[in-house]
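Chain residues, written in single-letter form:
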Amino acid sequence: MVMARSVPKKIGILGGTFDPIHHGHLALAQAALEELGLDEVLFVVAARPPHKPDLRLSPFIDRLAMVRLAIKSEDCFAASDVEVIRSGPSYSVDTLQDLRHCLGEAVSFFFLIGLDAFVDLPSWKEFRRLPELAELVVVHRPGSEQSIAAAVHDVFGSDVESHQAGRWVLRGGGTVREMVMEPLAISSTEIRKGLEVGEFEEDSLLSEVAKYIKKHGLYHRRQTPDT
Ligand code: ATP
Ligand code: MG
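What comes next concerns the included structure. Throughout this document, residue positions are counted from 1 along each chain, in the order its sequence is written. A letter from A marks each chain and a number from 1 marks each ligand, given out in the order of writing. Confidence filtering applies because this is a predicted model: local features only for residues at pLDDT of at least 70, side-chain atom pairs given and counted only at 80 or more, and all residues used for totals across whole chains, interfaces and linings. Side-chain descriptors were evaluated using all non-hydrogen atoms of the structure, hydrogens and water having been removed beforehand.

Turning our attention to the site of ligand 1. Being near a molecule or strand, for a residue, means having at least one of its heavy atoms within 4 Å of it. In the vicinity of ligand 1 there are 22 residues, among which Lys52, Asp116, Arg141, Ser188 and Thr189 approach most closely. Using a 1.4 Å probe, accessible areas were evaluated by the Shrake-Rupley method; residue-level cover was limited to the displayed protein chains. Here ligand 1 loses 92% of its free accessible area of 600 Å² to cover by the protein chains. Taken together, the residues that form the shell around ligand 1 break down as eight nonpolar, ten polar and four charged. Note on residue classes: Ala, Val, Leu, Ile, Met, Phe, Trp, Tyr, Cys and Pro are nonpolar, Asp, Glu, Lys and Arg are charged, and everything else, Gly too, is polar.

What follows is the structure, encoded as structure tokens:
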């Protein structure tokens, strides 16, 4: 794992495939720094995401390199390769435990997640343990119709003990919080689709990342079993 500087007290954890990293990820991290008063946001690059087929994923080393390029001028952002060290699928519950082990008990964790990913939580390994390991911070994502409040009830059901001002306390400990940020309709899927046909949305990607993609020939149309 790579940390930018000495261990801070409040850390945001933003897991993703970052294939490629874009302005939506950076805006989410920046909003969390400001809204939650974080000391640092750690971009955890998913090594073997259980929900995304390997064949469609760019190599870990390229995704990590693009994250490093995108955050290099931000002192409060750091990239983590913690998931590549473990074997098998990259489960967030294991990642949070590994990070806790590395960073110690004195640090507070805030697990940053978009609504599209949050609604899938019940399919994640031991998902009910996630809010015990880190405060869950959910942001709306353009394209997700549901409200965050409805999603929290769908995901945690009768485990929701109380709710006040965009913060839900769960039975047995743990909290989920809604964070408001300016919506940005950007996704890696749309960026990849554009790049496959040679189109590139300047507003979505950092130019350094766009240069890396070009230099390394990423996202040309790939042959996969279902294409
Ligand atoms: P893909 O389309 O390949 O799934 P993505 O754009 O969703 O890529 P991920 O790496 O899957 O990016 O996302 C990592 C995390 O960042 C997820 O929790 C996701 O919801 C969140 N996220 C990504 N883009 C945005 C955005 N534009 N606004 C808010 N959250 C976002
Ligand atoms: Mg996604």
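By the convention used here, strands pair only if DSSP detects at least 2 bridges between them. Helix numbering and strand numbering both begin at the N terminus, where a helix is a DSSP run of H or I of at least 4 residues and a strand a DSSP run of E of at least 2. Across the sheet, which stays open at both edges, the eight strands sit in the order β3-β2-β1-β4-β5-β8-β7-β6 with mixed pairing between neighbours. Across the chains shown, the open sheet's two edge strands, defined by having one partner strand only, are β3 (77-80) and β6 (160-164). Each adjacent strand pair in this sheet contributes to an overall mean axis angle of 25 degrees, direction not counted. Two elements, strand β4 (residues 108-114) and strand β5 (residues 135-139), share five bridges in a ladder whose sense is parallel. Looking at β5, one finds that Ile113 is bridged to Val138. Residue contacts are counted whenever heavy atoms from the two residues lie within 4.5 Å of one another. Convention adopted: a line fitted to C-alpha atoms gives each axis, helices being fitted over their contacting stretch, and angles between N-to-C directions are expressed from 0 to 180 degrees. Sheet contacts for helix α2 (residues 60-71): β2 (40-45) and β3; angle to β3, the most-contacted strand, approximately 170 degrees.

Before going further, it helps to examine the side chain of Thr95. Secondary-structure assignment places Thr95 in helix α4 (residues 92-103). Two N or O atoms form a polar contact when they lie within 3.5 Å of each other; inside protein one atom must be a possible hydrogen donor and the other a possible acceptor, and for residues adjacent in sequence the pair counts only when both atoms belong to side chains. In this structure the side chain of Thr95 is engaged in a polar contact, spanning 3.0 Å, whose partner is the side chain of Arg86. Ignoring any residue separated from it by four or fewer positions in sequence, one finds Thr95 in contact with Val44, Val82, Glu83 and Arg86.

The tendency in soluble globular proteins is for nonpolar side chains to be buried as a group. Ranked by size, the top nonpolar core spans 40 residues in total, and within it Ile21, Val41, Phe43 and Leu112 carry the most contacts. Listing elements by their share of this core, those giving two or more residues are α1 (23-36), β2, α2, β3, β4, β5, α8 (188-196) and α9 (207-216). With seven residues, α1 is the largest single contributor of residues to this core. Aside from chain neighbours lying at most four places away, what touches Leu112 is Gly12, Ile13, Leu14, Leu28, Ala32, Leu36, Val41 and Val137. If you look at the next biggest cluster of nonpolar residues, it comprises 33 residues, including Leu121, Val138, Ile148 and Leu170. Put simply, a nonpolar core is a bunch of buried Ala, Val, Leu, Ile, Met, Phe, Trp, Tyr and Cys residues held in one set by side-chain atoms that sit within 4.5 Å of each other. Using a 1.4 Å probe on the protein chains alone, a residue whose accessible area is under 20% of its type maximum counts as buried, one over 50% counts as exposed, and one in between counts as partly exposed.

Among all residues except glycine, the phi angle is most often negative; among peptide bonds, the trans geometry is most common. Residue Pro20 follows Asp19 across a cis peptide bond; omega there is 0 degrees. Of note, Tyr219 is a non-glycine position whose phi angle comes to about 65 degrees, a positive value. Relative to the helices and strands, Tyr219 is located in the segment after α9.

Together, Glu199, Glu201, Glu202 and Asp203 give the surface a local cluster of negative charge. Assignment of secondary structure puts Glu202 in the loop between α8 and α9. Only residues above 30% relative accessible area that lack a salt bridge enter a patch, with like-charged residues linked at up to 9 Å and the nonpolar side chains Val, Leu, Ile, Met, Phe, Trp and Tyr linked at up to 5 Å. Here a salt bridge means any side-chain nitrogen of Lys or Arg lying within 4 Å of a carboxyl oxygen belonging to Asp or Glu. Charged-residue counts in this description rest on Lys and Arg as positive and Asp and Glu as negative, His and the chain ends being excluded. To locate a charge, take NZ of a lysine, CZ of an arginine, CG of an aspartate or CD of a glutamate.

Most of β2 is tucked away, with six of its six residues classed as buried. By the alternation rule, side chains of β2 split into Glu40, Leu42 and Val44 and Val41, Phe43 and Val45, which are all buried. Note that strand β1 (residues 10-16) and β2 share six bridges and pair parallel. Of the residues in β2, the one forming a bridge with Gly15 is Val44. Handedness of the crossover is the feature at issue here: the chain leaves β1, passes through α1, returns alongside β2, and the resulting connection is right-handed. A crossover gets the label right-handed when its path from the first strand over the helix to the second runs clockwise, viewed with the strands pointing away from the viewer.

Pairing of aromatic side chains requires ring centres within 6.5 Å, counting the rings of Phe and Tyr and the six-membered ring of Trp. Pairs whose planes differ by under 30 degrees are stacked, by over 60 edge-to-face, and all others tilted. Evaluated as defined, the whole model comprises five aromatic pairs. Taking the centre distance of 5.8 Å and the plane angle of 40 degrees together, the rings of Phe127 and Phe156 count as tilted. Here Phe127 is found in the loop between α5 (115-118) and α6 (130-133), whereas its partner Phe156 is found in helix α7 (residues 148-156), with 29 residues between them in sequence. Considered together, Phe127 and Phe156 belong to a single accessibility category, that of buried residues. Pairwise contacts between aromatic rings join Phe18, Phe43 and Phe77 into one cluster. A ring is scored as having a charge over it whenever the NZ atom of a lysine or the CZ atom of an arginine sits within 6 Å of its centre and within 35 degrees of its normal. For the cation-ring pair, Arg100 lies above Phe109, with the distance from its terminal atom to the ring centre recorded as 4.1 Å.

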